[in-house]
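Residue-level structural notes
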Amino acid sequence: MSQDRTSGFDALVQITENEINTQIETAFLAGLLFPPSMSVPFNTGGISGIADLNFLTPVVDLDRPRPQIGITVPFANSQLQTTSPFPFNLAPLGGTITIVDSIEVVTEGTNQIITVDFNNGAPVINVSFDTDSQSVLAPVLTVMTLVQIENLLAGFVLQELQSNIGRIDFSSPIPVVDDTDPTTVFDIKVTTINDTSAADRDCVVFGIRMSSETGG
């Protein structure tokens, strides 16, 4: 492949948004990607308790400025259980959590990994409760607004992502050795392609540059 058509790389690997989501679903069901639930204590505005969230299958979208991706995590049958100033339980709660962060390449030893690292940069987290949940939350809306509750929950999710999850890998470790073997990968770059005219052509593209002997 002519390098003037591959931005100087020796090879390009393209993975569609649909394929990514197939892999995401499989990994989530196997417990390898995102926890099925999260229980987070909170204490703010004079209200303390525990938020219990039960997650459904995450969905990735590439409709973001490159190289960002969006990860939408639905939640359902969840609850806010308060202990102060008085005990009560708000359930069932449902909605969506949207995480926007950049896809990147990280190096570990002699390996490179395509990943989203929640501790590198500032991921943007948005929480949105569905209509039914907003009615369930009515008892606490006298002391906190819906936006305050959603922002509070977003902060808890960010803390969980950075403290306990760390990152989501989109590839197995790829050996990186700069030696005399021209088939050995030693440089990988990644970006996203957003085709607004056809959603099925949204994709992640990996540029692979081989050993320097290839002239890449």
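Residues numbered from 1 in each chain as written. Predicted model: local features only at pLDDT ≥ 70, side-chain atom pairs only at ≥ 80, totals over all residues. Heavy atoms only, no water.

**Topic: the overall build of the chain**
- Assigned secondary structure in the chain consists of three helices and 12 strands.
- Relative to its 216 residues, the chain shows a buried fraction of 42%.
- In the chain, of all internal contacts separated by at least 6 residues, the share reaching a separation of at least 24 is 63%.
- For the chain, the accessible surface area stands at approximately 11100 Å², while carbon and sulfur atoms represent 52% of it. (Helix = DSSP H or I, 4+ residues; strand = E, 2+ residues; numbered from the N terminus. Buried < 20%, exposed > 50% of the residue type's maximum accessible area, 1.4 Å probe, protein only. Contact = heavy atoms within 4.5 Å. Areas by Shrake-Rupley, 256 points an atom, 1.4 Å probe, with all protein chains shown as cover.)

**Describing the nonpolar core**
- If you look at the biggest cluster of nonpolar residues, it comprises 47 residues, and the most contacted ones within it are F34, F55, I97, I99 and F170.
- Beyond its immediate sequence surroundings of up to four residues, F55 is in contact with F28, F34, P35, P36, S37, M38, V73, P74, F75 and I97. (Core = buried A, V, L, I, M, F, W, Y, C linked by side-chain atoms within 4.5 Å.)

**So, the confidence of the model for the chain**
- Mean pLDDT over the chain: 83, with 85% of residues reaching 70 or higher.
- Low confidence marks residues 212-216, where pLDDT is under 50. Its contacts with residues over four positions away, or in another chain, come to 10 contacts. (pLDDT = per-residue confidence, 0-100.)

**What to know about the pairing of strand β7 (residues 111-117)**
- Along β7, six of the seven residues are buried, which leaves the element largely enclosed by surrounding structure.
- As paired strands, strand β6 (residues 88-108) and β7 are joined by six bridges and run antiparallel to one another. If you follow V105 over to β7, its bridge partner there is I114.
- The antiparallel pairing of β6 with β7 creates a hairpin that spans two residues between the two strands, and G109 there sits at a positive phi of about 65°.
- Relative to strand β10 (residues 174-175), β7 is paired through two bridges, and the arrangement is antiparallel. Among the inter-strand pairings, Q112 is bridged to a residue of β10, identified as I174.
- The pairing of β7 with strand β9 (residues 167-169) spans three bridges and is classified as antiparallel. Directly across from D117, in β9, lies its bridge partner R167. (Pairing = 2+ DSSP bridges.)

**Examining the environment of D187**
- With respect to the secondary-structure elements, D187 resides in strand β11 (residues 187-193).
- A sequence separation of 21 residues divides D187 from I208, and the C-alpha atoms of the two residues are 6.0 Å apart.
- In this structure D187 touches Q112, G207, I208 and R209, once residues within four positions along its chain are discounted.

**Focus: the packing of aromatic side chains**
- Scanning the model with the defined rule gives two aromatic pairs in all.
- Ring geometry for F75 and F129: centres 5.8 Å apart, planes at 90°, overall edge-to-face. You can see F75 sitting in strand β5 (residues 68-84) and its partner F129 sitting in strand β8 (residues 124-129), a full 54 residues away along the chain.
- We classify F75 as buried; its relative accessible area is 2%.
- On the basis of relative accessible area, F129 is assigned to the buried category, the value being 3%. (Phe/Tyr/Trp six-rings, centres within 6.5 Å; stacked < 30°, edge-to-face > 60°.)

**Some words on the pattern of salt bridges**
- One pass over the full model with this rule turns up three salt bridges.
- A salt bridge links R167 to E108; the shortest N-O distance between them is 2.8 Å. Placement of R167 in strand β9 and of E108 in strand β6 is noted, with a sequence separation of 59 residues between them.
- R167 gets classed as partly exposed once you look at its relative accessible area, which sits at 24%.
- In this structure E108 comes out as partly exposed when scored by relative accessible area, which is 40%.
- Two residues, R167 and D169, come together in a salt bridge whose shortest N-O distance is 2.7 Å. (Salt bridge = Lys/Arg side-chain N within 4 Å of Asp/Glu carboxyl O.)

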